[in-house]
Amino acid sequence: MTTSERLIQSTRELLWERGYVGTSPKAILERAGAGQGSMYHHFKGKPDLALAAIRRTAEEMRATAEGVLGGPGTPYERIVGYLRRERDVLRGCPIGRLTMDPDVIASDELRAPVDETLDWLRERLAGIVEEGQRRGEFAPGLDGEEIAAAIVATVQGGYVLARASGLPSAFDAGVRGLLSLLAPPTAPTA
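The structure displayed is predicted, hence computed values, not measured ones.

A rise of 1.5 Å per residue sets the reference length of helix α4 (residues 46-69), with its 24 residues, at 34 Å; its end C-alpha atoms lie 34 Å apart and thus fit the reference within 8%. Within α4 the residues assigned to the buried category are K46, L49, A50, L51, A53, I54, T57, A58, M61, A65 and L69. Those residues of α4 hidden inside the fold are in contact with α1 (3-18), α2 (25-32), α3 (38-42), α5 (75-84) and α7 (108-134).

And the structure:
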């Protein structure tokens, strides 16, 4: 791994663990095993490196989500797969965490990949809900954009509940609740 890649990876990890304010250039360099001038050789400074790290995290999050959402199965099954995919819920979401960081939110440049990723996710989920409606899997009166927002809110809120309680089961309870509301009606048995 190149020095530049080690710096980006170290910054990604530190942003997830500590947030922007808690991620010092010294901590980045120590974690990356890089010399003092390395960051400024490859990046203009901490904001430039943080932006590269946030973009990389956002790209990875979209690719992981698309791997499930674009996979096989009915729209409901793909949403189930997305909600139940393996996550480190006690660490929280590396993108969602950044929305709580005042320095990230105050910076249009740093906030952009976060906002773009969450917008992409809501649009992708809304499209799946609308596909499910066309196939008769979801009620026609559902608003795809509102359901997509509820899915994203459930995931992000589930992280908060799990972290606050120290129990992954808190995340799972939110997912089960949402899925019970979204479950397609079953045909009556005779």
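The subject of this paragraph is the packing of aromatic side chains. Inspection of the entire model under this criterion finds 2 aromatic pairs. Taking the centre distance of 6.4 Å and the plane angle of 65 degrees together, the rings of Y76 and F138 count as edge-to-face. Here Y76 is found in helix α5, whereas its partner F138 is found in the loop between α7 and α8 (144-165), with 62 residues between them in sequence. As far as burial versus exposure is concerned, Y76 and F138 are alike and both buried. Residues Y159 and F171 carry aromatic rings whose centres are separated by 5.3 Å and whose planes lie at 45 degrees to one another, so their mutual orientation is tilted. Here Y159 is found in helix α8, whereas its partner F171 is found in helix α9 (residues 168-182), with 12 residues between them in sequence.

This part is about the nonpolar core. I79, Y82, L83, L125 and I151 are the most contacted members of the largest nonpolar core, which totals 52 residues. Those elements that provide at least two residues to this core are α1, α2, α4, α5, α7, α8 and α9. Examining the composition of this core, we find that 9 residues originate from one element, α4, more than from any other. Beyond its immediate chain neighbours, meaning those up to four positions away, L83 contacts I151, V155, F171, V175, L178 and L179.

Bringing the packing of α1 against α4 into the picture now. One way to put it is that α1 packs onto α4 with a least axis distance of 8 Å and a crossing angle of 75 degrees. Classified by the angle between their axes, α1 and α4 sit roughly perpendicular to one another. Of the residues in α4, those in contact with E5, L7, I8, T11, R12 and L15 of α1 are L49, A50, A52, A53, I54, R56, T57 and E60. Residues that form the contact of α1 with α4 fall into these classes: 8 nonpolar, 2 polar and 4 charged.

Scoring rules and cut-offs
- Residues numbered from 1 in each chain as written.
- Predicted model: local features only at pLDDT ≥ 70, side-chain atom pairs only at ≥ 80, totals over all residues.
- Heavy atoms only, no water.
- Helix = DSSP H or I, 4+ residues; strand = E, 2+ residues; numbered from the N terminus.
- Expected span 1.5 Å × (residues − 1).
- Buried < 20%, exposed > 50% of the residue type's maximum accessible area, 1.4 Å probe, protein only.
- Contact = heavy atoms within 4.5 Å.
- Phe/Tyr/Trp six-rings, centres within 6.5 Å; stacked < 30°, edge-to-face > 60°.
- Core = buried A, V, L, I, M, F, W, Y, C linked by side-chain atoms within 4.5 Å.
- Axes fitted to C-alpha atoms, helices over the stretch in contact; angles between N-to-C directions.
- Parallel < 35°, antiparallel > 145°, perpendicular 65-115°, else oblique.
- Nonpolar A, V, L, I, M, F, W, Y, C, P; charged D, E, K, R; others polar.

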